[in-house]
Amino acid sequence: MVQIPNQPAPSSPAQRSVPTSADVARLAGVSRATVSYVLNNTSAVRISEPTRRRVHEAAKELGYVPHAAARSLRAGHSRLVLMPAPHVPANPLYSGFIYEIQWALSRLDYTVVQYGSLGLHGDEAARAWAELRPVAVIVPGAGLGPKGVAVLKRSGARAVVTMGPEPVEGSHGMLLDHREVGRSAAAHLLARGRRRIGVVMPEERGLSVYSRPRLAGVRQELQDTDATVTELPLAYEENAAVELAGRWRSLGLDAVFGYNDEYAMLLMRALQDEGIAVPEETAVIGADDLVLGRLLRPRLSTVHLELPAGRELADLVDRVVRDPGGVPETNHVLGFRVVHRESS
């Protein structure tokens, strides 16, 4: 019989002690204060480049990362900017906008976290966001009210920025008036001689906050004219578009505003498959000015949207974090222009 000597089991990663700044300081041969200055990128204290390199190499060797909560306590606030994730699939325009904000805020040493809050709405969602103690919250769309803003501020959020059709008391507002998108699309179709205009209304949950104002804009633009407006509920599914195209001629429409480029492209393909000529029988216009719309034949007319620049929004957040006592600002930021192509 072979007897296996008793040996202590190797420690698992979970059992190993977490490296501290003191461990980094010992390995690098510097003080803990120097480690803090280097890893927190403090510009007020001059540290030589060889010393910085030694600290970074020691931290990497030990697997040490600064403790965000401890850093927040020292600074009096975190560097966390929270953005609730949209409740609907994000299109390329919105995804690019989010990327630009994240990039601009990271340049200012903020960490952007997208919070998935499906099932939570309004003030209930604000309480969930507040648990993370963000220094700023950027809320796209409608839903957050004054009570939710107050909850966030009591939890330590210095900047609350809402991006929607109406200002919210206590927050800095970036107003996105989607009625103007509808008005510009309707004015374009009217100028092209179209008088029986359909407006696509997405059936996907969450999009009504945008589609209803766009429909209202169409109605406002066509008021006091001989043009008519027909609402066209449509799910973002091929079968739904085929069904709508199948009864298109019975609707008697000569133009359609597709809500955005994606719905407009979905419907336009179904209309063409049904033998309905675009733009001869039906003119089509979308919104967002996506690249795919330019690749279609006929090329898709669209309303080009100019969202707020990520750098400007990041500068606003940083300014308010540094001086949270100022009067909330309200800015109208959604620019637009019609891009006329062959589909209309």
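(A) Region of the structure containing the overall build of the protein chain. Along the protein chain, the regular secondary structure elements total 14 helices and twelve strands. Once local pairs closer than 6 in sequence are excluded, the contacts in the protein chain between residues at least 24 apart make up 71%. Per element, the accessible surface of the protein chain, about 18500 Å² overall, is 51% carbon and sulfur.

(B) Examining the sheet that holds strand 3 (residues 136-140) more closely. Taken in spatial order, the six strands of this open sheet run 2-1-3-4-5-11, and their pairing is parallel. Each of the sheet's edge strands pairs with one partner strand only, and the pair in question is strand 2 (111-115) and strand 11 (330-332). Between one strand axis and the next, the sheet turns by 15 degrees as a mean value, whatever way the strands run. Pairing of strand 5 (residues 172-175) with strand 11, which is carried by three bridges, proceeds in the parallel orientation. Its bridge partner being in strand 11, Gly 173 is matched across the sheet by Thr 330. Most of the contacts of helix 5 (residues 92-107) go to strand 2, to which it runs at about 145 degrees, and overall it touches strand 1 (80-84), strand 2, strand 3 and strand 4 (159-164).

(C) Local environment of the nonpolar core. Residues Val 81, Leu 105, Ile 138, Phe 257, Leu 313 and Val 317 are the most contacted members of the largest nonpolar core, which totals 44 residues. Every residue in contact with Val 81, bar those within four places of it in the chain, is listed here: Leu 105, Tyr 110, Thr 111, Val 112, Val 113, Val 135, Ala 136, Ile 138 and Val 317. If you look at the next biggest cluster of nonpolar residues, it comprises 25 residues, including Leu 207, Ala 235, Leu 253 and Ile 276.

(D) Layout of unusual backbone geometry. In this structure, Pro 279 follows Val 278 across a cis peptide bond, with omega equal to 10 degrees. Tracing the sequence through the fold places Pro 279 in the loop between helix 12 (261-273) and strand 9 (283-287). Residue Pro 298 is reached from Arg 297 by a cis peptide bond, and omega for that bond is 0 degrees. Its location among the elements puts Pro 298 in the loop between helix 13 (291-295) and strand 10 (301-306). A positive phi angle, near 65 degrees, is found at Asp 224, a position not held by glycine.

(E) Fine view of helix 5. Between its terminal C-alpha atoms helix 5 stretches 23 Å, which fits the 22 Å expected from 16 residues at 1.5 Å a residue. Listed in full, the buried residues belonging to helix 5 are Tyr 94, Phe 97, Ile 98, Ile 101, Ala 104 and Leu 105. One side of helix 5 carries all its buried residues, which in axial view fall inside an arc of 130 degrees. In helix 5, those exposed residues whose orientation departs by more than 90 degrees from the buried face are Pro 92, Tyr 99 and Arg 107.

(F) Seen up close, empty space enclosed by the protein. Enumeration over the complete set of coordinates arrives at one cavity of 30 Å³ or more. Quantified by volume, the largest cavity comes out at close to 40 Å³. If you go around the largest cavity, the residues you meet are Gly 141, Met 163, Gly 164, Pro 165, Leu 176, His 178, Val 209 and Tyr 210. Those elements that provide at least two residues to the lining of the largest cavity are strand 4 and helix 9 (208-222). Partitioning the lining of the largest cavity into residue classes produces five nonpolar, three polar and no charged.

(G) Up close: a nonpolar patch on the surface. Together, Val 291, Leu 292 and Leu 295 line one region of the surface with nonpolar side chains, adding up to about 320 Å² of accessible area. Here Leu 295 shows up in helix 13. For Leu 295, a relative accessible area of 58% corresponds to the exposed category.

(H) Inspection of the pairing of strand 9 at higher detail. With five of five residues buried, strand 9 lies mostly within the body of the structure. Of the two faces of strand 9, the one lined by Ala 283, Ile 285 and Ala 287 and the one lined by Val 284 and Gly 286 are each fully buried. Alignment of strand 8 (residues 255-257) against strand 9, held across three bridges, turns out to be parallel. If you follow Val 256 over to strand 9, its bridge partner there is Val 284. In the classification by handedness, the crossover that spans strand 8, the intervening helix 12 and the parallel strand 9 is right-handed. As defined by bridge partners, strand 9 adjoins strand 10 across three bridges and the pair is classed as parallel. The partner of Ala 287 across the bridge, within strand 10, is Val 303.

(I) Geometry of the packing of helix 1 (residues 21-28) against helix 3 (residues 49-62). Contact geometry for helix 1 and helix 3: axes closest at 9 Å, N-to-C directions at 125 degrees. It follows from the interaxial angle that helix 1 and helix 3 lie oblique. Crossing of helix 1 against helix 3: the hand is right-handed. Counted together, Asp 23, Val 24, Leu 27 and Ala 28 of helix 1 and Arg 54, Val 55, Ala 58, Ala 59, Glu 61 and Leu 62 of helix 3 form the full contact between these two elements. Taken together, the residues of the contact of helix 1 with helix 3 sort by class into seven nonpolar, no polar and three charged.

(J) Structural detail: the sheet that holds strand 8. Overall, mixed pairing links the six strands, which are arranged 7-6-8-9-10-12 in an open sheet. With one partner strand each, in any of the chains shown, strand 7 (228-234) and strand 12 (335-339) form the two edges of the open sheet. Taken over all neighbouring pairs, the strand axes of this sheet differ in orientation by 20 degrees on average, direction set aside. The strands touched by helix 12 within the sheet are strand 6 (196-202), strand 7, strand 8, strand 9 and strand 10, with strand 9 carrying the most contacts at an inclination of about 155 degrees.

Rules used throughout
- Residues numbered from 1 in each chain as written.
- Predicted model: local features only at pLDDT ≥ 70, side-chain atom pairs only at ≥ 80, totals over all residues.
- Heavy atoms only, no water.
- Helix = DSSP H or I, 4+ residues; strand = E, 2+ residues; numbered from the N terminus.
- Contact = heavy atoms within 4.5 Å.
- Areas by Shrake-Rupley, 256 points an atom, 1.4 Å probe, with all protein chains shown as cover.
- Pairing = 2+ DSSP bridges.
- Axes fitted to C-alpha atoms, helices over the stretch in contact; angles between N-to-C directions.
- Core = buried A, V, L, I, M, F, W, Y, C linked by side-chain atoms within 4.5 Å.
- Buried < 20%, exposed > 50% of the residue type's maximum accessible area, 1.4 Å probe, protein only.
- Expected span 1.5 Å × (residues − 1).
- Arc of directions from axis to C-beta.
- 1 Å grid on protein atoms, 1.4 Å probe; cavity = no way out; pocket = protein on both sides within 12 Å on 5 of 7 lines; lining within 4 Å.
- Points joined across faces, edges and corners; volume = space filled by probe spheres on them.
- Nonpolar A, V, L, I, M, F, W, Y, C, P; charged D, E, K, R; others polar.
- Patch = residues over 30% accessible without salt bridge, like charges linked within 9 Å, V, L, I, M, F, W, Y side chains within 5 Å.
- Salt bridge = Lys/Arg side-chain N within 4 Å of Asp/Glu carboxyl O.
- Right-handed = clockwise from strand over helix to strand, strands pointing away.
- Parallel < 35°, antiparallel > 145°, perpendicular 65-115°, else oblique.
- Left-handed = near helix turned anticlockwise from the far one by under 90°.

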